[in-house]
Amino acid sequence: MSFFRLKAQFQKVASLSIVGVLFALAGCEQAAPEPELTQAPVATEVIAEPTEATEGVEEAEPTPTAVPRGFPYQNADLSVDERVEDLLGRMSLDEKIGQMTLVEKDSISPADVSRFGIGSILSGGGGAPLDNSPEGWYEMVSTYQEAAIATELQIPLLYGVDAVHGHNNVIGATIFPHNIGLGATQNADLVADIARATALESLATGIHWDYAPVLAVPQDIRWGRTYEGYGEQTELVTELSTAFLLGLQGVDGTSDLAHPATMLGTPKHFVGDGGTEWGSSTTDRYMIDQGVTNVDEETLRRIHLPPYPAVIEAGAMSIMASYSSWGGMKMHAQDYLMNDVLKDELGFEGFIVSDWKAIDQIDNDYYTSVVASINAGVDLNMVPTNYKRFINTMQTAVREEDISEERIDDAVRRLLRVKFELGLFENPYGDPELIETVGSDEHRELARQAVRESLVLLQNRDGALPLSKSAETIFVSGIGADDIGIQSGGWTIGWQGVGDEDTPGTTVLEGIEQAVDSDTRVVYDRFGKFAREIDEDGNPEKADIGIVVVGERPYAEGRGDSDDLDINPTLVARMAERADKVVVIILSGRPMIIGESLPFADAWVAAWLPGTEANGISDVLFGDYPFTGKTTFSWPRSIDQLPFDFENLPETGCDAPLFQYGYGLSVDDVQAVEILDCDQEQ
Ligand code: GLC
């Protein structure tokens, strides 16, 4: 991976270099000045830079929900529609615009949340409080919630995070395998259980809104977000994303947003995010992320659209628009696809939320962008910083009749409906009683099961697996063998996935050490340079078993766009000299190019990005559990094969993938993978 540039000055973490990992995990404690009890916000002053959050003010203890004023909308016995209409009728234009504004938590003080009647706050990737503990999160979220409820109409906040593989911003939370690994399990019930666990750990911190699941159907694994997808085939993505949403939003297989153990999901990114072309990124930083989905409407509807009617049927009430473009237009300005298809044809009654600052990408003129996007169907703008500019722009657009009051009311109705259905007016603070579920043994065991079921056995030459727990000596190498951050991947504590030395979990190495007999010697050297003790024949000592961990450093989004997917062959070759039996574990967000190295090792296992419970890997390596995983991405022999033409993919020969979609061995399969000399053939 090349050096990375800073993406933003917020919680989105600073960059990492190839050889070193320097991460700024500093959070910014949002001070909680006593929110002024003000009248309805009137943001008419000229837009300035966002208010600097004040520092160091004593954290306010969350107060109970403000005393209801006895308005009908505050009567939980009325229907949601009755409550929506009553509240909407009491709102000023500025209060309505405030509800359409989603701000990143470091960009606004609680006082401004009150002042402008902000409807939603988010923590971007890594957006932790300085005290990155469940308790610290609860305090932070509650402080914002208290500020929202301190307004005239006491409309509670929706606070959102990317809990995409567990409540992954929080140190101590259970970090589950990323979706590429869950796809390999093909186990919808397991995915639903993981979603339920994620909901509990999120609600424990006061959070009701998750920007998950991803519905992308990644068609080119060079995309840095491949691992956020369940697989390259639509049917599997539909099945597992729907299972995840139902797990998040319900406890019995149906959505029930009012249930105290459920939270709002956000199927994303609508639509065709996984179909962009290499080299088409509309940003100057990435290659394929935020690019152009250059397919006809029939293909868009056949490959990328089907997960959306399924999740709408399952109760989706929030959908995030995609950064990508289709039909020569940014998705965020796609009136046809958002209004006509998603809202009218598919009957979506929830709200469309923009992606991070995505509206700004539509046109060089901000006013034009805002008008285009809101009229095209975006109901909530993830601004995420300069909320005063957005609010001012919206006021002007309504005054100029470029955005109608009907459109504003439609958007606010959708937003209020969700807040009422979530029960936020009655229970705005989540449930701190759930804090003991965060990182609980039960959740970690669930994650360990998911790791086990996600493993794909690619080769098992001469029946190398399962390994013996009573081997005399086991050598282990590779920097990923002992690093929670690497095994967890992106979206872990930091946006780009830093893990953290305080992140509890079990590394691959620790799993091995725990699995073997007490008198088995496990020797770890990250570079595979084991002391060359000489045996009685004058040869360097050989281990019975050598385990090499290779793969990718963590990344998220476009920073992971890459056409260099070769693993490091040196480590494998080096181990082959020092061990009688060699096993390679691949920790990566996608299939890697391994062809040249295959013959150097007896067994190859794709472990994807397992998260904190990598003892699930040793559970299977040493035979306590079987290999059951199947790859849900066609595995290329060479990068030159990409993008695959899935309609015409041969089963054999040099144009075929090295491993087909759905490939995965059991330990009874003992053949070596046939290596074709494709250079010759071409
Ligand atoms: C990001 C991602 C989106 C995420 C959002 C908030 O840029 O595209 O998936 O939910 O910002 O972090």
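Residues numbered from 1 in each chain as written. Predicted model: local features only at pLDDT ≥ 70, side-chain atom pairs only at ≥ 80, totals over all residues. Heavy atoms only, no water.

## Some points on the nonpolar core
General note: in soluble globular proteins, nonpolar side chains tend to be found buried as a group. Selection criterion: What makes a nonpolar core is a set of buried Ala, Val, Leu, Ile, Met, Phe, Trp, Tyr and Cys residues whose side-chain atoms join them at distances within 4.5 Å. Think of it in three bands: residues with accessible area under 20% of the maximum for their type are buried, residues over 50% are exposed, and the middle band is partly exposed, with areas taken using a 1.4 Å probe on protein chains only. Each domain's extent was defined by an automatic or database domain assignment. We call two residues in contact whenever any of their non-hydrogen atoms come within 4.5 Å of each other.
F270, I594 and W604 are the most contacted members of the largest nonpolar core, which totals 163 residues. Looking at this core, you find at least three residues from each of domain 1 (3–436) and domain 2 (455–648). F270 has contacts with L305, Y308, I319, M320, A321, S322, M331, L337, M338 and L342, leaving out every residue within four places of it along the chain. Residues L465, A481, V516 and L665 belong to the second largest nonpolar core, which totals 32 residues.

## Some words on the sheet that holds strand 13 (residues 521–524)
Keep this limit in mind: Two strands are said to pair when DSSP picks up at least two bridges between them. In DSSP terms, a helix is any run of H or I states spanning at least four residues, a strand is any run of E spanning at least two, and both are numbered starting from the N terminus. Axes here refer to lines fitted to C-alpha atoms; in helices the fit is confined to the stretch in contact. Angles between the N-to-C directions go from 0 to 180 degrees.
Read from one edge of the open sheet, six strands run 11-16-15-14-12-13, paired in mixed fashion. Edge positions in the sheet fall to strand 11 (456–460) and strand 13, since each has one partner strand and no second. With strand direction ignored, the average angle separating the axes of adjacent strands in the sheet is 20°. Taken together, the eight bridges between strand 14 (residues 543–551) and strand 15 (residues 579–587) define a ladder with parallel strand orientation. The residue of strand 15 that forms the bridge with G546 is V582. Here helix 16 (residues 508–515) sits on the sheet and contacts strand 12 (473–477), strand 13, strand 14 and strand 15; the angle it forms with strand 13, its principal contact strand, is near 170°.

## Topic: the site of the ligand
How we decide: A molecule or strand has a residue near it when one of that residue's heavy atoms lies within 4 Å. Think of a polar contact as two N or O atoms within 3.5 Å of one another; within protein, one of them needs to be a possible hydrogen donor and the other a possible acceptor, and neighboring residues in sequence only count if both atoms come from side chains. Per-residue and other accessible areas were derived by the Shrake-Rupley procedure at a 1.4 Å probe size, with only the shown protein chains allowed to occlude residues. Charged means Asp, Glu, Lys or Arg here, nonpolar means Ala, Val, Leu, Ile, Met, Phe, Trp, Tyr, Cys or Pro, and polar covers whatever is left, Gly included.
The environment of the ligand is formed by 15 residues, the closest being D162, R225, K268, H269 and D355. In this structure, an oxygen atom belonging to the ligand sits 2.8 Å away from a side-chain N or O atom of K268. In the model, an oxygen atom of the ligand is placed 3.2 Å from a nitrogen or oxygen of the Y323 side chain. In isolation the ligand has 310 Å² of accessible area, and contact with the protein removes 100% of it. Taken together, the residues of the shell around the ligand break down into seven nonpolar, one polar and seven charged.

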